[in-house]
Amino acid sequence: MPVDLVRIQRLCSALKIARTSDFARAGVSRHALAVAVREGSVLRVREGVFVPADALPEVRTAAAHGGVLGCISRLRLAGLWVLDDDDGSVHVVLPRHGHRRRSHMDCTCVVHWVAADPRGDRTTLVEALRCLLACRGEESFFVALESAMRKRIVTETVVARLRDSIPSKWRWLVDFARWDADSGLESLLRLRLRTLGITLASQVEIPGVGRVDFILGDRLILEVDGRLNHEGVSMRHKDRVRDAVAAAHGLDTLRFDHAMIVHEWPLVEAAILARIDRGLHLERRVGGRAR
Ligand SMILES: [Zn+2]
Ligand SMILES: [Zn+2]
């Protein structure tokens, strides 16, 4: 491969999204750039904007808008658990200042405008989470945040910076977030019960039973099943055994799966509230005194 093409490729890979001016500054001629595009060394996604040939489709889409990947699209790329209510739209971030660029085609992209000029091909995690809160609301924000904390792709400093950057009325979400939430479903359940004024003990070790997702009150175990159906019979058997062992210890178990928590929440809520209303989450008392 001619030397110029290698240089152009490297420069584009380093910048993630490169402009004609970036190449000009590096002494690349317009002719050499045209050759690189023709040879497929880099991709031209719009007038004067280039991405590496192996750029992800979402990144190409964002660059074609003249922006970078942000919000839920950026978080999904980081492997975070995001609420599964997405229509597959790419969320693009464009700088608010600087000339407004014409949107490409009739597309389903969601465009966000930010004050800073984003670098590279995606926003920072803090920016993406902050953006998600405004875009999708508190639940989406909270589950993504706990997923980032669980994966340790954010540090305490980053979380503190995030807390400072969001409106004060939402800061309790950051304070309420834990580093050990096992799944997005757990995060969602905990958050939704908290808004009902119900607090839970998380990840509780019970002798003979093992670690359970949550304990409500003294004796109601809540388990969140994120497993897929095909994971089968042996796991279901283990769950049955666990429930029986818990029952032998005087504990009740309620189990909820993904579909219930995400799509049938009123039923989940009714099941939990019915137990609470009848005091079934508390140690049974005889004659007004604890056993
Ligand atoms: Zn688009
Ligand atoms: Zn968004």
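In this text the structure is predicted, and so the values were computed from the model without any measurement.

A look at the coordination of the zinc ion (ligand 2)
Part 1 of the reasoning: Bound to the zinc ion (ligand 2) on the protein side are Cys-71 (SG), His-91 (ND1), His-112 (NE2) and Cys-135 (SG), at distances that span 2.0 to 2.4 Å.
Part 2 of the reasoning: One can describe the site at the zinc ion (ligand 2) as tetrahedral: its four donor atoms subtend angles covering 106 to 112° at the metal.
Part 3 of the reasoning: Look at where the donors of the zinc ion (ligand 2) fall in the sequence and you get C-x19-H-x20-H-x22-C. A residue pair is termed long-range when its members are at least 10 positions apart, and His-112 in strand E6 (residues 110-114) and Cys-135 in helix H6 (residues 125-136) qualify at 23 residues.
Part 4 of the reasoning: For His-112, a relative accessible area of 14% gives the class buried.

Looking at the nonpolar core
Part 1 of the reasoning: The biggest cluster of nonpolar side chains holds 27 residues, and the ones touching the most others in it are Leu-75, Leu-129, Phe-141, Leu-145, Val-154 and Leu-162.
Part 2 of the reasoning: Looking at this core, the elements with two or more residues in it are helix H5 (71-77), H6, helix H7 (138-150), helix H8 (156-165) and helix H9 (171-176).
Part 3 of the reasoning: It is H6 that provides the largest number of residues to this core, a total of seven residues.
Part 4 of the reasoning: Dropping the residues within four chain positions of it, Leu-162 is found in contact with Val-126, Leu-129, Arg-130, Phe-141 and Leu-145.

A few points about helix H13 (residues 265-277)
Part 1 of the reasoning: For H13, built from 13 residues, the straight-helix expectation of 18 Å at 1.5 Å per residue is met to within 8% by its first-to-last C-alpha distance of 18 Å.
Part 2 of the reasoning: When we look at burial in H13, the residues that qualify are Trp-265, Val-268 and Ile-272. Down the axis of H13, the buried set is contained in an arc of 65°. They therefore lie on one face. Exposed side of H13, more than 90 degrees from the buried face: Pro-266 and Asp-277 are the residues found there.

Quick notes on the sheet that holds strand E7 (residues 201-206)
By way of backbone hydrogen bonds, the strands of a sheet pair with one another, either parallel or antiparallel.
Part 1 of the reasoning: Pairing is mixed across the open sheet formed by four strands, whose spatial order is E7-E8-E9-E10. Each of the sheet's edge strands pairs with one partner strand only, and the pair in question is E7 and strand E10 (252-257). Shown here is a sheet whose adjacent strand axes are inclined to one another by a mean of 45°, direction ignored.
Part 2 of the reasoning: With six bridges connecting them, strand E9 (residues 220-225) and E10 associate as parallel partners. By the bridge assignment, Leu-220 is partnered in E10 with Asp-252.

Here's the deal with the domain arrangement of the chain
Part 1 of the reasoning: The domain architecture assigned to the chain consists of domain 1 (3-55), domain 2 (62-176) and domain 3 (184-286).
Part 2 of the reasoning: Here the C-alpha centre of domain 2 lies 27 Å away from the C-alpha centre of domain 1.
Part 3 of the reasoning: Across the boundary between the two partners, domain 1 contributes eight residues, which contact ten residues of domain 2.
Part 4 of the reasoning: Of the roughly 630 Å² buried between domain 1 and domain 2, counting both surfaces, carbon and sulfur atoms make up 57%.
Part 5 of the reasoning: The interface formed by domain 1 and domain 2 contains zero salt bridges.
Part 6 of the reasoning: Along the contact surface separating domain 1 from domain 2 lie one residue pair in polar contact (both at pLDDT 80 or more).
Part 7 of the reasoning: Secondary-structure elements contributing two or more residues to the side of domain 1 that touches domain 2 are strand E2 (42-46) and strand E3 (49-52).

Rules and cut-offs
- Residues numbered from 1 in each chain as written.
- Chains lettered and ligands numbered in written order.
- Predicted model: local features only at pLDDT ≥ 70, side-chain atom pairs only at ≥ 80, totals over all residues.
- Heavy atoms only, no water.
- Donors = N, O, S within 2.8 Å, 3.2 Å for Na, K, Ca; no water.
- Tetrahedral: all angles 85-135°; square planar, octahedral: opposite > 155°, others 65-115°.
- Helix = DSSP H or I, 4+ residues; strand = E, 2+ residues; numbered from the N terminus.
- Buried < 20%, exposed > 50% of the residue type's maximum accessible area, 1.4 Å probe, protein only.
- Core = buried A, V, L, I, M, F, W, Y, C linked by side-chain atoms within 4.5 Å.
- Contact = heavy atoms within 4.5 Å.
- Expected span 1.5 Å × (residues − 1).
- Arc of directions from axis to C-beta.
- Pairing = 2+ DSSP bridges.
- Axes fitted to C-alpha atoms, helices over the stretch in contact; angles between N-to-C directions.
- Domains from an automatic or database assignment.
- Buried area = accessible area lost by both parts, 1.4 Å probe.
- Salt bridge = Lys/Arg side-chain N within 4 Å of Asp/Glu carboxyl O.
- Polar contact = N/O pair within 3.5 Å; in protein donor to acceptor, adjacent residues only side chain to side chain.

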